[in-house]
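Structural characterization, general
Listed here are the chains, written in short residue letters.
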Amino acid sequence: MIEYVYDLSSREKCPVENSKKVLPRARRRLAEIESELRPLLPDEVRGHWRRAFRGPPDVRAVGDRIYGMFQGDNGLLSLRASWMGRIETEVIEMALSLLHAPEEATGNFTSGGSESIYCALHAMREWARQTMPHISEPEVVAPYSAHPSFSKGCHYFGLKLRRVPLAEDRRASPDALTQAISANTIGLVASAPCWPYGCYDPIPEIAELARERGLWMHVDACVGGYLAPFVEELGVTLPAWDFRLAGVTSISADLHKYGYCPKPASTILWRSPSVQQYHWVHPSDWPGGSYSMTGFAGTRTAGPIFAAWAVLQYLGRDGYLELARHILAMKARLLAGIDSIQGLHAWKNDLMPVVFEANDLDLTKIKAELTRLGWAVVGCADPPLINIPLDAGTTEKIVDTFLSDLSQIVRDVRLGTIGGSEALQY
Ligand SMILES: *Cc1c(COP(=O)(O)O)cnc(C)c1O
């Protein structure tokens, strides 16, 4: 079991720049600025996954256009200005319509999975303060594979996070979670799916455990939230993970991942207003009166709210279904291609990301070379893996170029002509 306690001495120093930029004396021309920055843009093919997660060009165009129209509006006003609040509420309603949510379910629009998870942890803490007032050192129990934003959030909110070892199949072990529950436990966490391995935790069992023990249960569907409903509709069987399960209290789902909405955009969804009430903080103890915000941010751009609404409307169920079909085809192509490279092995996991390991090769060298060529993949240290943020904007050309680069890299690693190495980390 790992108990998360933040250690100041382990804080890495930020690299110090030698020459510091100063504000130029004279104004500069836009054309000059643009040409200085253009080389930083990603390559259309090898740089595609750098901007993960993206839909095809038409979907991107819709998101970008509507984002641009409302970018200058202040999302701080969403609980005040009804024209904006209506759009934000409808994004939440459309999200809930995918998650077998009860009629009274509700939610909030946030800046990303991390903020959605912070909202869940904060509400969980406030709920426990009300309903379990005898607990003075609240604990949250999560599988080892849960996202690090749970560790950050627990640090911010004064909660102790107990990370529990996984079962053999690298899914959460309900038995191990049960053993980790103590008199101080207020909630459980599970992933749908987890990022490092792309597998679903046995959420039905964990939700039942939470219900029996009277604990809050948060499902982290940041990756799967907007993809799984359509993959399930295509006949792929996934463990139940959403509000179908009576024990599920809250769900995080990222619009800016497989919802293909422009960043930053995510949702935190609550089973009922009686759950959401613990989310709200409405201070008014200053000269300006009531200060009510939907999430953690004050001033924020309204662009992502309107862009998310537009992308959801533009795609509809049919559009998302089509993209799910495409992404499954691209995944199959990647898996077959990776497996055909001697020494590499792709995992047959539940959903995303695409994950592969090496038998007798140094993955840190492979990762360094992929990065050098412009491919944006991430690593996993335990065990050594590379994760590909496959998205629906990924074309056959991108997949085939990747596979041919990868196979050349593997040849070079075997020949010993690759010098660099790169840590297997997110
Ligand atoms: C991406 C991710 C998050 C965090 O989302 P951000 O949008 O990066 O803050 C949380 N959980 C899982 C499983 C994720 O993949």
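Presented here is a report on the structure given in the accompanying data block.

Digging into the overall build of the protein chain
When helices and strands are counted, the protein chain shows 12 helices and 12 strands. In terms of C-alpha radius of gyration, the protein chain reaches 22 Å, essentially the compact-globule figure of 22 Å for 426 residues. Each principal axis of the C-alpha atoms in the protein chain carries an extent, and together these give about 65 × 60 × 50 Å. Looking at the protein chain as a whole, 54% of its 426 residues qualify as buried. Counting only contacts in the protein chain whose residues sit at least 6 apart along the sequence, the fraction spanning at least 24 positions is 74%. When the 43 basic and 49 acidic side-chain charges of the protein chain are each reduced to a single mean position, those positions are 7 Å apart.

Structural notes on the nonpolar core
With 133 residues, the main nonpolar core has Trp241, Ile338, Leu344, Phe356, Ile366 and Phe402 as its most contacted residues. Looking at this core, the element that brings in the most residues is helix 10 (residues 303-339), giving 16 residues. Formed jointly, this core draws a minimum of three residues from each of two domains, domain 2 (61-312) and domain 3 (329-415). With residues near it in sequence (within four places) discarded, phenylalanine 402 still touches Trp49, Leu334, Phe356, Leu370, Trp375, Val377 and Ile388. In this structure, Cys199, Trp347, Val355 and Leu385 belong to the second largest nonpolar core, which totals eight residues.

Details of a nonpolar patch on the surface
A cluster of nonpolar side chains, contributed by Leu30, Ile33, Leu37 and Leu40, occupies part of the molecular surface with about 400 Å² of accessible area. Structurally, leucine 37 can be placed in helix 1 (residues 30-37). On the basis of relative accessible area, leucine 37 is assigned to the partly exposed category, the value being 48%.

Remarks on the packing of helix 11 (residues 363-372) against helix 12 (residues 396-415)
Interaxial distance between helix 11 and helix 12 falls to 10 Å at its minimum, and their mutual angle equals 130 degrees. Between helix 11 and helix 12, the crossing angle belongs to the class labelled oblique. Considering the relative orientation of helix 11 and helix 12, their crossing is right-handed. Within the contact between the two elements, helix 11 uses Lys365, Ile366, Glu369 and Leu370 and helix 12 uses Phe402, Leu406, Ile409, Val410 and Val413.

Description of the site of the ligand
Neighbouring residues of the ligand: 14 residues in total, closest Gly113, Ser114, Asp220, His256 and Lys257. A distance of 2.6 Å is found between an oxygen atom of the ligand and a side-chain nitrogen or oxygen belonging to serine 114. Aspartate 220 is positioned such that a nitrogen or oxygen atom in its side chain is 2.6 Å from a nitrogen atom of the ligand. For the ligand, the protein covers 88% of the area, taking 380 Å² as the surface of the free molecule. When its residues are assigned to classes, the shell around the ligand shows six nonpolar, five polar and three charged.

Describing the sheet that holds strand 11 (residues 378-380)
Think of a sheet as strands paired side by side through backbone hydrogen bonds, with each pair either parallel or antiparallel. Taken together, four strands build an open sheet; the order of strands is 9-10-12-11 and the sheet is antiparallel. Of all strands in the sheet, those with a lone pairing partner are strand 9 (344-346) and strand 11, marking the two edges. Taken pair by pair, the neighbouring strands of this sheet meet at an average axis angle of 30 degrees, ignoring direction. As paired elements, strand 9 and strand 10 (residues 354-358) share three bridges and run antiparallel to each other.

Concerning the packing of helix 3 (residues 82-96) against helix 10
Relative to each other, helix 3 and helix 10 sit at 45 degrees, their axes nearing to 9 Å. Classified by the angle their axes make, helix 3 and helix 10 are oblique. Relative to helix 10, helix 3 is oriented so that their crossing is left-handed. On helix 10, the residues that touch Trp83, Met84, Ile87, Glu88, Glu90, Val91 and Met94 of helix 3 are Ile305, Phe306, Ala308, Trp309, Leu312 and Gln313. Residues of the contact of helix 3 with helix 10, tallied by class, amount to 10 nonpolar, one polar and two charged.

Here's the deal with the pattern of salt bridges
On inspection of all chains with the given rule, the structure shows 22 salt bridges. The salt bridge partner of arginine 38 is glutamate 34, with a shortest N-O separation of 2.8 Å. A salt bridge links glutamate 126 to arginine 125, with the nearest nitrogen and oxygen atoms 2.9 Å apart. Take arginine 125: its relative accessible area is 15%, and that puts it in the buried class.

Focus: the side chain of aspartate 201
Looking at the secondary structure, you find aspartate 201 in the loop between strand 5 (185-191) and helix 7 (203-213). No salt bridge is formed by the buried aspartate 201; the nearest opposite charge belongs to arginine 171, separated by 6.8 Å. A polar contact is formed between the side chain of aspartate 201 and the backbone nitrogen of alanine 172, at a distance of 2.8 Å. Reaching out from aspartate 201, the side chain makes a polar contact with the backbone nitrogen of serine 191 at a distance of 2.8 Å. Beyond its immediate stretch of four places on either side in the chain, aspartate 201 contacts Pro143, Ser145, Arg171, Ala172, Ala190, Ser191 and Ile206.

Cut-offs and rules
- Residues numbered from 1 in each chain as written.
- Predicted model: local features only at pLDDT ≥ 70, side-chain atom pairs only at ≥ 80, totals over all residues.
- Heavy atoms only, no water.
- Helix = DSSP H or I, 4+ residues; strand = E, 2+ residues; numbered from the N terminus.
- Rg over C-alpha atoms; globule rule 2.2 N^0.38 Å.
- Buried < 20%, exposed > 50% of the residue type's maximum accessible area, 1.4 Å probe, protein only.
- Contact = heavy atoms within 4.5 Å.
- Lys, Arg positive; Asp, Glu negative; His and termini not counted.
- Charge placed at Lys NZ, Arg CZ, Asp CG, Glu CD.
- Core = buried A, V, L, I, M, F, W, Y, C linked by side-chain atoms within 4.5 Å.
- Domains from an automatic or database assignment.
- Patch = residues over 30% accessible without salt bridge, like charges linked within 9 Å, V, L, I, M, F, W, Y side chains within 5 Å.
- Areas by Shrake-Rupley, 256 points an atom, 1.4 Å probe, with all protein chains shown as cover.
- Salt bridge = Lys/Arg side-chain N within 4 Å of Asp/Glu carboxyl O.
- Axes fitted to C-alpha atoms, helices over the stretch in contact; angles between N-to-C directions.
- Parallel < 35°, antiparallel > 145°, perpendicular 65-115°, else oblique.
- Left-handed = near helix turned anticlockwise from the far one by under 90°.
- Near = heavy atom within 4 Å.
- Polar contact = N/O pair within 3.5 Å; in protein donor to acceptor, adjacent residues only side chain to side chain.
- Nonpolar A, V, L, I, M, F, W, Y, C, P; charged D, E, K, R; others polar.
- Pairing = 2+ DSSP bridges.

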